[in-house]
Amino acid sequence: MKVAVIDGQGGGLGKSIVEKIRGHLKDDIEIIALGTNSLATSNMLRGGAHKGATGENAIKVMSQKVDVIIGPIALIVANAMMGEITPIMAENIADSQARKILLPMNRCNIHIVGTMDFKVNEMIMAIVEELKSIKD
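No experiment lies behind these values; they were computed from the predicted model shown.

Conventions adopted
Residues numbered from 1 in each chain as written. Predicted model: local features only at pLDDT ≥ 70, side-chain atom pairs only at ≥ 80, totals over all residues. Heavy atoms only, no water. Helix = DSSP H or I, 4+ residues; strand = E, 2+ residues; numbered from the N terminus. Expected span 1.5 Å × (residues − 1). Buried < 20%, exposed > 50% of the residue type's maximum accessible area, 1.4 Å probe, protein only. Arc of directions from axis to C-beta. Contact = heavy atoms within 4.5 Å. Core = buried A, V, L, I, M, F, W, Y, C linked by side-chain atoms within 4.5 Å.

Chemist: Could you clarify how one ought to interpret helix α1 (residues 12-24) in this entry?
Modeler: An α-helix turns once per 3.6 residues; consequently, residues spaced three or four apart project the same way. Between its first and last C-alpha, α1 extends 19 Å over 13 residues, near the 18 Å set by a 1.5 Å rise per residue. Burial in α1 covers these residues: L13, G14, I17, V18 and I21. Along the long axis of α1, the arc covered by the buried residues comes to 135°, so they all point the same way. Against β1 (2-7), β2 (30-35), α2 (38-46), β4 (68-72), β5 (99-103) and α5 (120-135) lie the buried residues of α1.

Right, here's the structure in full:
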């Protein structure tokens, strides 16, 4: 299974996600770090991603070639993350046939009513559990 972890800014969230996936699902998953900038990509690679690529075109192309896309909900909102998520990125991620596992981060002027206020680590563990159920 090919899993894309997409993040921007400093890549801290993406790095944490990659580390947890690697720690709990060592085999059968190829993790591809897709950063909106080189710092984000670099940090996810340091976290254990198998491959990495940076920028709009990499995200556009790879979002169509993976089985699962993981990241904050802002990935499907044009101009989110201080403008790092371009309309092209948001459209290609949203239109991808990949299963999307999106964290309901209440940032970027997005508030998702009805979601519980989980800690980031709890949400990341829920990602790991979801990947386990997909894999089985």
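Chemist: Explain the nonpolar core to me, please; I cannot follow it from the model alone.
Modeler: One broad trend across soluble globular proteins is that nonpolar side chains are buried collectively. Counting 22 residues, the largest nonpolar core has V5, I17, I21, I70, L103 and L131 as its most contacted members. At the level of elements, β1, α1, β2, β4, β5 and α5 are the ones that each hand at least two residues to this core. Broken down by element, this core gets its largest block of residues, 5 residues, from α5. Beyond its immediate sequence surroundings of up to four residues, L103 is in contact with L13, I17, I70, G71, P72, I73, M123 and I127. Listed in part, the 17 residues of the second largest apolar core include A4, I32, A74 and I85.

Chemist: How do you make sense of the side chain of E84 when you look at a structure like this?
Modeler: On the secondary structure map, E84 appears in the loop between β4 and α4 (87-95). Residues within four places of E84 in sequence aside, it is in contact with G8, Q9, T36, N37 and M89.

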